[in-house]
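# Architecture at a glance
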Amino acid sequence: SGGRVINNFEITDADVAAAAEFVNNSDGIAGNIRNSGTVTNAGEIASLQNDAGSFTNNGGGVVSGTTTINGGTVTNNAQLANVDIGSAGTFTNNSAGTAGAVTNAGTASNDGTIASLLNNAGSFSNTGTISGAAIVTGGELVNEGTVIGTIDVFDGGLLSGSGVSGGLTIGDDGTLSPGPGIQTLAVNGDLTFGSGSTYQVDITSTGLSDLVNTSGQ
């Protein structure tokens, strides 16, 4: 079924079909939302399961429970709790957006603030702030922003970019590759390469190369 529903009061759970649209305005309160269509939120939602279509969390919007992205796209301009992104999901946390712990196996980017990151597969691009730790056990973290906590990379994970992090550990089957191009990573702590780790370095014909500046060991 299709059509458009606008909520300015309170509803329980809602299932939004592919041809349907749900608008939760600033006074709106909604329960658990399952979406395959088009949803915008400026009020409060208990939790979100996005299977397809698009969900946009606008200014003032809050999803107080877990946001699960099995498919489609979720764009956050306000406040989300924990976010779990599947292999077919896309998540964009814009500069005004905040989110809790993010687990990613799809395609995700952060220009705002998230609490922590577990990247199991896919790609995650950070130009904002990760206030806790980042763990990369698969896929790629491109850090052009700041990870205040530590970064641990192993089990096929890749860290690239030119951003700042706390202590950095590249473990077994993990790869550190600043860039693309000649870039410098900054580590506010210790840098550790474990057994089976890889450091990929770009070197130009004039002798320029990637660097890692660390304040620790």
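These figures come from a predicted structure and were not determined experimentally. Numbering of residues starts from 1 in every chain and runs along the sequence as written. Only residues with pLDDT of at least 70 get local features here, since the model is predicted, and only at 80 or more are side-chain atom pairs given and counted; chain-wide, interface and lining totals rely on the full set of residues. Hydrogens are left out, water is left out, and the side-chain values use all remaining heavy atoms of the structure.

This brings us to the overall build of the protein chain. Secondary structure assignment for the protein chain yields 0 helices and 28 strands. Taking the principal axes of its C-alpha atoms as reference, the protein chain extends roughly 60 × 30 × 25 Å. Every one of the 217 residues in the protein chain was classed for burial, and the buried ones make up 41%. Contacts in the protein chain between residues at least 24 apart in sequence constitute 8% of all its contacts with a sequence separation of at least 6. Accessible surface is estimated by sampling points in the Shrake-Rupley manner with a 1.4 Å probe; for residues, cover comes only from the protein chains shown. Accessible surface for the protein chain amounts to roughly 9100 Å². Of this, 49% is attributable to carbon and sulfur atoms. Helix numbering and strand numbering both begin at the N terminus, where a helix is a DSSP run of H or I of at least 4 residues and a strand a DSSP run of E of at least 2. Only protein chains enter the accessibility calculation, which uses a 1.4 Å probe; a residue whose area is less than 20% of its type maximum is buried, one above 50% is exposed, and one in between is partly exposed. For this analysis, residues touch if any pair of their heavy atoms sits within 4.5 Å.

Turning next to the environment of S36. For S36, the location among the structural elements is in the loop between strand 4 (29-35) and strand 5 (38-41). Using a relative accessible area of 23% as the deciding quantity, one classes S36 as partly exposed. Spatially, the C-alpha atom of S36 lies 26 Å from that of G139, the residues being 103 residues apart in sequence. Residues within four places of S36 in sequence aside, it is in contact with V16, A17, A18, D51, A52 and G53.

For this analysis, a salt bridge means a side-chain nitrogen from Lys or Arg found within 4 Å of a carboxyl oxygen belonging to Asp or Glu. Taken as a whole, this structure holds 2 salt bridges when the rule is applied. Salt-bridge contacts for R4 lead to E21; the nearest nitrogen and oxygen are separated by 3.2 Å. Residue R4 is located in strand 1 (residues 3-7), and its partner E21 is located in strand 3 (residues 20-24); the two are separated by 17 residues in the primary sequence. When its relative accessible area of 53% is taken as the criterion, R4 is described as exposed. Overall, E21 belongs to the partly exposed group, its relative accessible area being 26%. Between D51 and R34 there is a salt bridge whose closest N-O contact spans 2.7 Å. With D51 in the loop between strand 6 (44-50) and strand 7 (54-57) and R34 in strand 4, this pair connects stretches of sequence that are 17 residues apart. The exposure class of D51 is partly exposed, given its relative accessible area of 22%.

When you line up the elements, N41 lands in strand 5. Residue N41 is classed as buried on the basis of its relative accessible area of 1%. Sequence-distant contacts of N41, defined by excluding residues within four places in its chain, comprise N24, F55, T56, N57, N58, G61, V62 and V63.

Bringing the pairing of strand 13 (residues 107-110) into the picture now. Residues A108 and N110 of strand 13 are buried on one face, while the alternating residues T107 and S109, pointing to the opposite face, are not. Sheet analysis places strand 11 (residues 83-93) next to strand 13, joined by 4 bridges and oriented parallel. Directly across from N93, in strand 13, lies its bridge partner N110. Note on pairing: DSSP must find at least two bridges between two strands before they are called paired.

Turning our attention to the packing of aromatic side chains. Stacked, tilted and edge-to-face pairs are distinguished by plane angle, under 30 degrees for stacked and over 60 for edge-to-face with tilted covering the rest, among Phe, Tyr and Trp rings (Trp via its six-membered ring) whose centres lie within 6.5 Å. Under the definition given, this model contains 1 aromatic pair. Taking 5.6 Å as the distance between ring centres and 35° as the angle between the ring planes, the aromatic pair formed by F193 and Y199 counts as tilted. Taking the relative accessible area as the measure of exposure, Y199 reaches 34% and is therefore partly exposed.

Right, let's get into a nonpolar patch on the surface. Residues with no salt bridge and a relative accessible area higher than 30% make up the patches, which join like charges within 9 Å and nonpolar side chains (Val, Leu, Ile, Met, Phe, Trp, Tyr) within 5 Å. A cluster of nonpolar side chains, F193, Y199, V201 and I203, forms an exposed patch at the surface whose accessible area comes to about 360 Å². Considering the arrangement of structural elements, one finds I203 in the loop between strand 27 (198-199) and strand 28 (211-214).

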